[in-house]
Amino acid sequence: MRPVTLFTAQFGDIPLEILVTKAREWGFDGLELGGHLDIRRASTDQSYCQEILSLLAKNNLKLFAISAHLVGQAVCDHIDERRHRSILPAHVWGDGESEGVKQRAAKEVIAAAYAAKNLGIKIVNGFTGSSIWHLLYGFPPINPEQINEGYEDFAKRWKPILDEYQKCDVHPSEIAFDIVSAERALNAIDNHLSFGSNFDPSHLGYQGVDYIEFLRRFKSRIFHVHMKDVDFNWNQPCEVGVFGGHTMFGDPRRFFNFRSLGRGKIDFERIIRTLNQINYQGPLSVEWEDGDMDREAGAQESLQFVRRLDFKRGDMQFDAAFSKQ
């Protein structure tokens, strides 16, 4: 059975010493650290890394992945003080000058590779940022060359980062927002072997993207899996459309909202079966989010949901079994 882990980002206000005790009591196998790790320190300080690993081991937990989501976002984004200053470490934000922020963010993402190496793991999850995110909607009309330039910028900034990850034998994983953009991103970086996907069906499902086909299409690139649910209803009119209408997550007027596992629309039965078919044996990381529910109760029920749903793939393949009938 695959290990079930807890992504700690939604519990960032709880000290790690307390959170690991809770995670152990709830029954998780390990953690994906998000917000509980000083990346820069972990990249150079082995004793700091050993303290974290010892704390987890004391509670019968393992570390499977770390997060560089927020700092990764700044690598390619158009830097905006309102959006970025609050999510970045002070040493990355610096004076706030756009190109400087991007370069320091890139160094921090590279530091995450060395932190992962020092922690004995191979997965760093995160975002890449995008210089063309504001062009997502097709009006006013967009010059296709603008999109090409966006992918060129992504390649220019991320190839050196990926080369460093390859040196460390660590893999960064990114959530693509659909199949076409994922293919284009891979093409832009010449299918760099270090770059893969942190598969999260919630961000695909509400858009109408075939998340099962995503798993099949990119089976060799599925480096990590987030278990996260979302509720939406294509057949019921709502007040706020799929773009969010400048409302906050959790607003009941929205077209979609993230939900505790099993309470949304994602077909996790098909996901588990497809993960077996592509032979994914890595962790199933619970990224819990549900604005209507107590998070500790939600984390526990989500863990039990995954435990009930996951199953070991049979040794006998269909073709072999069929031939013996």
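What you are looking at is a predicted structure, and each value in this text was computed from that prediction instead of being measured.

1. Remarks on empty space enclosed by the protein
Logical step 1: Within the structure shown, the criterion is met by two cavities of 30 Å³ or more.
Logical step 2: If you trace the largest cavity, you find 14 residues lining it, with Gly126, Phe127, Trp158, Pro172 and Ser173 closest to the centre.
Logical step 3: Broken down by secondary-structure element, the contributors of at least two residues to the lining of the largest cavity are strand 4 (123-126), helix 8 (144-168) and strand 5 (171-174).
Logical step 4: When grouped by side-chain class, the residues that make up the lining of the largest cavity number eight nonpolar, five polar and one charged.

2. Thoughts on the nonpolar core
A general feature of soluble globular proteins is that nonpolar side chains tend to end up buried together.
Logical step 1: Ranked by size, the top nonpolar core spans 95 residues in total, and within it Leu37, Ile66, Phe199, Ile222, Ile271 and Leu275 carry the most contacts.
Logical step 2: The element contributing the most residues to this core is helix 7 (residues 98-119), with 10 residues.

3. Details of the confidence of the model for the chain
Logical step 1: Across the chain, the average pLDDT comes to 94, with 96% of residues at or above 70.
Logical step 2: Every residue in residues 319-325 scores below 50 in pLDDT, and together they form one contact with partners more than four places removed in sequence or on other chains.

4. Description of the environment of Gly314
Logical step 1: Relative to the elements of secondary structure, Gly314 occurs in the loop between helix 13 (295-309) and helix 14 (318-323).
Logical step 2: Judged by relative accessible area, Gly314 falls into the partly exposed class, the value being 46%.
Logical step 3: Here the alpha-carbon distance between Gly314 and Asn276, two residues 38 residues apart in the chain, equals 9.0 Å.

5. Some words on the packing of helix 4 (residues 69-76) against helix 8
The relative placement of two packed helices comes down to the angle between their axes together with the axis-to-axis distance.
Logical step 1: Here helix 4 crosses helix 8 at 130°, and the two axes come no closer than 9 Å. In terms of axis orientation, helix 4 runs oblique to helix 8. For the pair helix 4 and helix 8, the contacting residues are Gly72, Val75 and Cys76 in the first and Asp153, Phe154, Arg157, Trp158 and Ile161 in the second.
Logical step 2: The residue makeup of the contact of helix 4 with helix 8, split by class, is five nonpolar, one polar and two charged.

6. A short note on the sheet that holds strand 10 (residues 284-286)
Logical step 1: Strand order in the closed barrel formed by eight strands is 1-2-3-4-5-6-7-10, with parallel pairing between adjacent strands. Within the sheet, the average angular offset between the axes of one strand and its neighbour, ignoring direction, is 30°.
Logical step 2: With respect to the sheet, helix 4 is in contact with strand 1 (4-7), strand 2 (30-33), strand 3 (62-67), strand 4, strand 6 (196-199) and strand 7 (222-227), its orientation differing from that of strand 4 by roughly 65°.

7. Overview of the packing of aromatic side chains
Logical step 1: With the rule as written, the count across this model stands at 15 aromatic pairs.
Logical step 2: On the numbers, 6.0 Å between centres and 65° between planes, the contact of Phe154 with Phe195 is edge-to-face. You can see Phe154 sitting in helix 8 and its partner Phe195 sitting in the loop between helix 9 (179-188) and strand 6, a full 41 residues away along the chain. Across the pair, Phe195 and Phe154 agree in class, each one buried.
Logical step 3: The side chain of Lys228 reaches across the aromatic face of Phe258, ending 3.8 Å from its centre.
Logical step 4: In this structure, Arg254 is placed above the aromatic ring of Phe256, and the distance from its NZ or CZ to the ring centre is 4.6 Å.

Criteria and cut-off values
- Residues numbered from 1 in each chain as written.
- Predicted model: local features only at pLDDT ≥ 70, side-chain atom pairs only at ≥ 80, totals over all residues.
- Heavy atoms only, no water.
- 1 Å grid on protein atoms, 1.4 Å probe; cavity = no way out; pocket = protein on both sides within 12 Å on 5 of 7 lines; lining within 4 Å.
- Points joined across faces, edges and corners; volume = space filled by probe spheres on them.
- Helix = DSSP H or I, 4+ residues; strand = E, 2+ residues; numbered from the N terminus.
- Nonpolar A, V, L, I, M, F, W, Y, C, P; charged D, E, K, R; others polar.
- Core = buried A, V, L, I, M, F, W, Y, C linked by side-chain atoms within 4.5 Å.
- Buried < 20%, exposed > 50% of the residue type's maximum accessible area, 1.4 Å probe, protein only.
- pLDDT = per-residue confidence, 0-100.
- Contact = heavy atoms within 4.5 Å.
- Axes fitted to C-alpha atoms, helices over the stretch in contact; angles between N-to-C directions.
- Parallel < 35°, antiparallel > 145°, perpendicular 65-115°, else oblique.
- Pairing = 2+ DSSP bridges.
- Phe/Tyr/Trp six-rings, centres within 6.5 Å; stacked < 30°, edge-to-face > 60°.
- Lys NZ or Arg CZ within 6 Å of the ring centre and 35° of its normal.

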